[in-house]
Amino acid sequence: MDNNNKLSNPQETIRVMKENGFTVRKKFGQNFLIDSHVIDKIIAAAEIDKDTEVLEIGPGLGTLTQYLAEAAKSVTAVEIDDMLIPILEKTLASYDNVRIVHGDILKQDVNELFGGRPFKIVANLPYYITTPIIMSLLESKVPAQSITVMIQKEVADRMKASPGSKDYGALSLAVQYYSEPYLAANVPPNCFMPRPGVGSAVIRLKILDKPSVEVKDEELMFKIIRASFNQRRKTLANAVSHFEGLNFSREDVEKALEACGLKPGVRGEALTLEEFSALANALSE
């Protein structure tokens, strides 16, 4: 299919929406891509080839799906909006390697979809639910090789942030525990219909074979991380000792910090993932 007949052509997107009486539903955070150069960057970043099985989340009208179908071995597209299913069946009718699944990715058994085979995740995600979707996929340890997504630029910056920067926080640490983030492209609002009110970015999370640090109690480490960034102005010892669900005194935390070679008055944003894992190990003892 040539690019003029694809949904990356704005006139084609408008035609399909009018023909099917479809209007964008805000509750699903729908912003459709209308720029083939950006789509090419997504596919290049995801390293899609004819051996790749792809899980696409939220295909919308099928814009990105059309390009994925031409580049990949197969595409399984999971769409929550029931009004889009009949439209997708039309816009993707010429591709015999696409499977459309009506469902909510947060409730979907992803392993069942691929029968345990490795796959790559690609998506233009609704911005209001970006973090829950990505964290659900990472924490459930689905056998995905990578997650390449279009998300709000501010969230992408947080995912790849380093200690001490203003964007660094619990999300940075969680994403970097499970994966290696790479910012592939910044995308302006005019690449979408309708235009979002914020800048966007394409980020690839290369999923690690095992977490980037070893920790005895993963759940404890993430509670400590959440506590540390819950009130950024507090010292880490104060934040952790006052956090509901953690039963450590300030003295406990200060002692553990010293055992890790850290100052008792340090703040959470100064610690690396390795230092958080060392602190969790010291406190678990």
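Everything numeric in this text was worked out from a predicted model, so none of it was measured.

### Some words on the side chain of Ser-146
Phase 1: Tracing the backbone shows Ser-146 in strand β6 (residues 144–152).
Phase 2: Once you skip the residues sitting within four places of it in the chain, Ser-146 turns out to touch Ala-46, Phe-119, Lys-120, Ile-121, Arg-204, Leu-205, Lys-206 and Ile-207.

### Looking at the pattern of salt bridges
Phase 1: Counted according to the given criterion, the structure contains 11 salt bridges.
Phase 2: The partner of Glu-47 in a salt bridge is Arg-204, and the shortest N-O contact between them spans 3.8 Å. Taken together, the residues span a long stretch of sequence, with Glu-47 in the loop between α2 (36–46) and β2 (53–57) and Arg-204 in strand β9 (residues 200–207) at a distance of 157 residues.
Phase 3: Of the residues examined, Glu-47 reaches a relative accessible area of 42% and is grouped as partly exposed.
Phase 4: With relative accessibility at 14%, the residue Arg-204 sits in the buried group.
Phase 5: Across the salt bridge formed by Asp-157 and Lys-153, the nearest N and O atoms sit 2.8 Å from each other. Here the residue Asp-157 and the residue Lys-153 both occupy positions in helix α7 (residues 153–159), the gap between them amounting to four residues, near one helical turn.
Phase 6: Three or more residues joined by partner-sharing salt bridges are found here, namely Glu-12, Arg-15 and Glu-19.

### Section: the sheet that holds β2
Phase 1: Across the sheet, seven strands lie side by side as β4-β3-β2-β5-β6-β9-β7; this open sheet has mixed pairing. Edge positions in the sheet fall to β4 (98–102) and β7 (179–187), since each of these pairs with one other strand and no more. Geometrically, the sheet is characterised by an average inter-axis angle of 20° between neighbouring strands, direction not taken into account.
Phase 2: Sheet analysis places β7 next to β9, joined by eight bridges and oriented antiparallel. Bridge pairing in β9 links Tyr-182 to Arg-204.
Phase 3: Together, β2, β5 (119–124), β6, β7 and β9 form the strand contacts of helix α6 (residues 130–139), whose direction differs from that of β6 by roughly 170°.
Phase 4: Taken strand by strand, helix α8 (residues 170–178) contacts β7 and β9, and its axis lies near 115° from that of β7.

### Comments concerning unusual backbone geometry
Phase 1: The omega torsion across Met-193 and Pro-194 is -10°, close enough to zero to call that bond cis.
Phase 2: A positive phi angle is found at Glu-47, which is not glycine, with a value near 55°.
Phase 3: In the Ramachandran plot, Lys-141 falls in the positive-phi region, its phi being about 55° despite a non-glycine side chain.

Criteria and cut-off values
- Residues numbered from 1 in each chain as written.
- Predicted model: local features only at pLDDT ≥ 70, side-chain atom pairs only at ≥ 80, totals over all residues.
- Heavy atoms only, no water.
- Helix = DSSP H or I, 4+ residues; strand = E, 2+ residues; numbered from the N terminus.
- Contact = heavy atoms within 4.5 Å.
- Salt bridge = Lys/Arg side-chain N within 4 Å of Asp/Glu carboxyl O.
- Buried < 20%, exposed > 50% of the residue type's maximum accessible area, 1.4 Å probe, protein only.
- Pairing = 2+ DSSP bridges.
- Axes fitted to C-alpha atoms, helices over the stretch in contact; angles between N-to-C directions.

By themselves these figures say nothing about function.
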